[in-house]
Amino acid sequence: MLKLIFVVLALVFVTSLSYGQELICRMTCRASASISNSNIHQIRSGGLDPPAATEIRWHETDPIFVMLGHEREEITLRRELLLAKLTEEGDYFRGTNRRPPRSESFQQLELARDTIIVGTNTGRLMFWDLWTEEFLHEFQVSERPVSELLLHPSGDWLLVAIDPSRLFRFDLASQSVAEIRWPGDRGQSLQNLAISEDGYLLAAYGDGALRIWTIASWDAWEPAALSYESVADLLFTKDDSQLLVLSDATVSRWSLHGNSLHFVRQLEPADGKRECLIADGDISPDDSLLMTTDDCWQLRAWDLDTDEEIFVPQLDSASDDRPGTAILFSPDGRYFISAAYSIWEMFFIEEQL
């Protein structure tokens, strides 16, 4: 009898725990998989000043994003508060206490915890405090432009690509920089860099070839290179099992296995979509969804479980003939932001239970 009582109590506890987790999930979790016209909602839009947003970054814990836009020598960093403050206009970071020289422009953006980092066309890194908007310091990496700026997943250092073919490692704690020297052709162009979620691999496209290096040793993977006429973006899945290559108007999936790449398949577009050149893409945190924007500013949703595009009329109606420049999911996957030449839009994906 006593054993039966314990079994009943255990069942009650497990049921209560499951119910509690379900309630929590109703508040914070988005169901894996789907996106449809019924569960996606456009909730914010706004103009860009100056136009041409090329970079968007989300804070890792707070519902804040930073957007970089530039035109000629102008720069605006825009912070928008989401979730609890959807109706607020947000603030503008104009660097009033540190104006760049007239010949200098801001090109690349990263958000390292609570620090905004910008790379310039003169090889400089500049740092602002996210919360106070105070300019902190700057560091000269090279005399050449910063063509790519990537925060390592550890949050400890930045990968700085200097146009066209040099890589540097910038340590955030010591504020020191060291050039990375990898085996092979030192003159090759480096574009569209991507670091795997575990921080182990670096993928890069340049000179018509896609290459992958092991970051610890900078040894090249085999095959050493894969031929592509052009690549707009490289995306590791969050579980680091695959690499998506966004090239021209197509998306191809490669499996990462045993220090080599294995072609899986090309994702199937939905009927009736214009074949426009893809400009940028991002994968949802649960690896279920790929969102892309292109030079027709079509917002496109791809189901990574079926490898097919999902036709979402609401996204289609948001499209325009302005070129898309950037798209990014929030860390919880419930929001994504897209930017075009002179406007940005934010969408909320409602969970389907």
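What counts, and at which threshold
- Residues numbered from 1 in each chain as written.
- Predicted model: local features only at pLDDT ≥ 70, side-chain atom pairs only at ≥ 80, totals over all residues.
- Heavy atoms only, no water.
- Disulfide = S-S within 2.5 Å.
- Helix = DSSP H or I, 4+ residues; strand = E, 2+ residues; numbered from the N terminus.
- Buried < 20%, exposed > 50% of the residue type's maximum accessible area, 1.4 Å probe, protein only.
- Pairing = 2+ DSSP bridges.
- Axes fitted to C-alpha atoms, helices over the stretch in contact; angles between N-to-C directions.
- Salt bridge = Lys/Arg side-chain N within 4 Å of Asp/Glu carboxyl O.
- Polar contact = N/O pair within 3.5 Å; in protein donor to acceptor, adjacent residues only side chain to side chain.
- pLDDT = per-residue confidence, 0-100.
- Contact = heavy atoms within 4.5 Å.
- Core = buried A, V, L, I, M, F, W, Y, C linked by side-chain atoms within 4.5 Å.
- Phe/Tyr/Trp six-rings, centres within 6.5 Å; stacked < 30°, edge-to-face > 60°.
- Lys NZ or Arg CZ within 6 Å of the ring centre and 35° of its normal.

1. Comments concerning the state of the cysteines
Then, number 1: In the structure shown here, the tally under the stated rule is one disulfide.
Then, number 2: Cys276 shares a disulfide with Cys296; S-S distance 1.9 Å. Since a negative S-S torsion denotes a left-handed disulfide, the Cys276-Cys296 link at about -85° is left-handed. Of this pair, Cys276 sits in the loop between strand 22 (261–266) and strand 23 (278–283) while Cys296 sits in the loop between strand 24 (289–294) and strand 25 (299–303), placing them 20 residues apart in sequence.
Then, number 3: Here Cys276 falls in the buried class, since its relative accessible area comes to 7%.
Then, number 4: A relative accessible area of 13% places Cys296 in the buried class.

2. Some thoughts on the sheet that holds strand 6 (residues 106–112)
Then, number 1: One open sheet accounts for four strands, arranged 6-7-8-9; its pairing is antiparallel. Strand pairing shows two members of the sheet lacking a second neighbour, strand 6 and strand 9 (135–140), which therefore form its edges. Taking the axes of each pair of neighbouring strands and ignoring which way they run, one obtains an average angle of 20° across the sheet.

3. A short note on the pattern of salt bridges
Then, number 1: In the structure shown here, the tally under the stated rule is nine salt bridges.
Then, number 2: Between Arg181 and Glu179 there is a salt bridge, with its nearest N and O atoms 3.6 Å apart.
Then, number 3: We classify Arg181 as exposed; its relative accessible area is 59%.
Then, number 4: The class for Glu179 is partly exposed, based on a relative accessible area of 23%.
Then, number 5: With a closest N to O distance of 2.7 Å, Glu309 and Arg300 form a salt bridge.
Then, number 6: Residue Glu309 is classed as buried on the basis of its relative accessible area of 9%.
Then, number 7: Each of Glu55, Arg57 and Glu110 takes part in one network of salt bridges that share partners.

4. Describing the side chain of Ser288
Then, number 1: Tracing the sequence through the fold places Ser288 in the loop between strand 23 and strand 24.
Then, number 2: Using a relative accessible area of 1% as the deciding quantity, one classes Ser288 as buried.
Then, number 3: A polar contact is formed between the side chain of Ser288 and the side chain of Asp286, at a distance of 2.7 Å.

5. Re the pairing of strand 27 (residues 324–329)
Then, number 1: The element strand 27 is largely enclosed, with a buried count of five among its six residues.
Then, number 2: The hairpin formed by strand 27 and strand 28 (residues 335–340) contains five residues between the paired strands, and Gly333 there has a positive phi angle of roughly 80°.

6. Digging into the confidence of the model for the protein
Then, number 1: With 74% of its residues at a pLDDT of at least 70, the protein reaches an overall mean of 77.
Then, number 2: Confidence drops under pLDDT 50 across residues 71–75; counting only partners more than four residues distant or on other chains, this segment forms 14 contacts.

7. A word on the nonpolar core
Then, number 1: With 17 residues, the main nonpolar core has Leu210, Ile212, Leu234, Leu243, Val245 and Leu256 as its most contacted residues.
Then, number 2: Breaking this core down by element, the ones donating at least two residues are strand 15 (201–206), strand 16 (209–214), strand 19 (233–236), strand 20 (242–247) and strand 21 (250–256).
Then, number 3: Top contributing element to this core by residue count: strand 15, with three residues.
Then, number 4: Counting 16 residues, the second largest nonpolar core, distinct from the first, contains Leu289, Phe329, Phe336 and Ala340.

8. Digging into the environment of Tyr205
Then, number 1: Following the sequence through the fold, Tyr205 ends up in strand 15.
Then, number 2: Tyr205 sits in the buried class, given a relative accessible area of 5%.
Then, number 3: Excluding anything up to four places from it in sequence, Tyr205 contacts Ser189, Leu190, Gln191, Asn192, Leu210, Tyr228, Glu229, Ser230, Val231 and Leu234.
Then, number 4: Polar contacts involving the side chain of Tyr205 include one to the main-chain carbonyl oxygen of Glu229, which spans 2.9 Å.

9. Comments concerning unusual backbone geometry
Then, number 1: A positive phi angle, near 55°, is found at Arg113, a position not held by glycine.
Then, number 2: Residues other than glycine seldom take positive phi values, yet Trp218 does so here, at roughly 60°.
Then, number 3: The residue Trp218 is located in the loop between strand 16 and strand 17 (219–220) in this model.

10. What to know about the packing of aromatic side chains
Then, number 1: Going through the model one piece at a time under the given rule, you end up with nine aromatic pairs.
Then, number 2: Ring geometry for Trp254 and Phe263: centres 5.3 Å apart, planes at 70°, overall edge-to-face.
Then, number 3: When its relative accessible area of 49% is taken as the criterion, Phe263 is described as partly exposed.
Then, number 4: Taken together, the ring pairs connect Trp58, Phe65 and Trp344 into an aromatic cluster.
Then, number 5: Seen from the ring of Trp157, Arg169 lies directly overhead, with NZ or CZ sitting 4.2 Å from the centre.

11. Overview of the pairing of strand 14 (residues 191–195)
Where a strand is regular, its side chains alternate between the two sheet faces.
Then, number 1: The buried fraction of strand 14 amounts to four of the five residues, a majority that puts the element mostly inside the structure.
Then, number 2: Bridge count between strand 14 and strand 15: three bridges; the pairing is antiparallel. For Ile195, the partnering residue across the bridge sits in strand 15 and is Leu202.
Then, number 3: Here strand 14 folds back onto strand 15 in antiparallel fashion, the turn holding five residues, of which Gly199 has a positive phi close to 75°.

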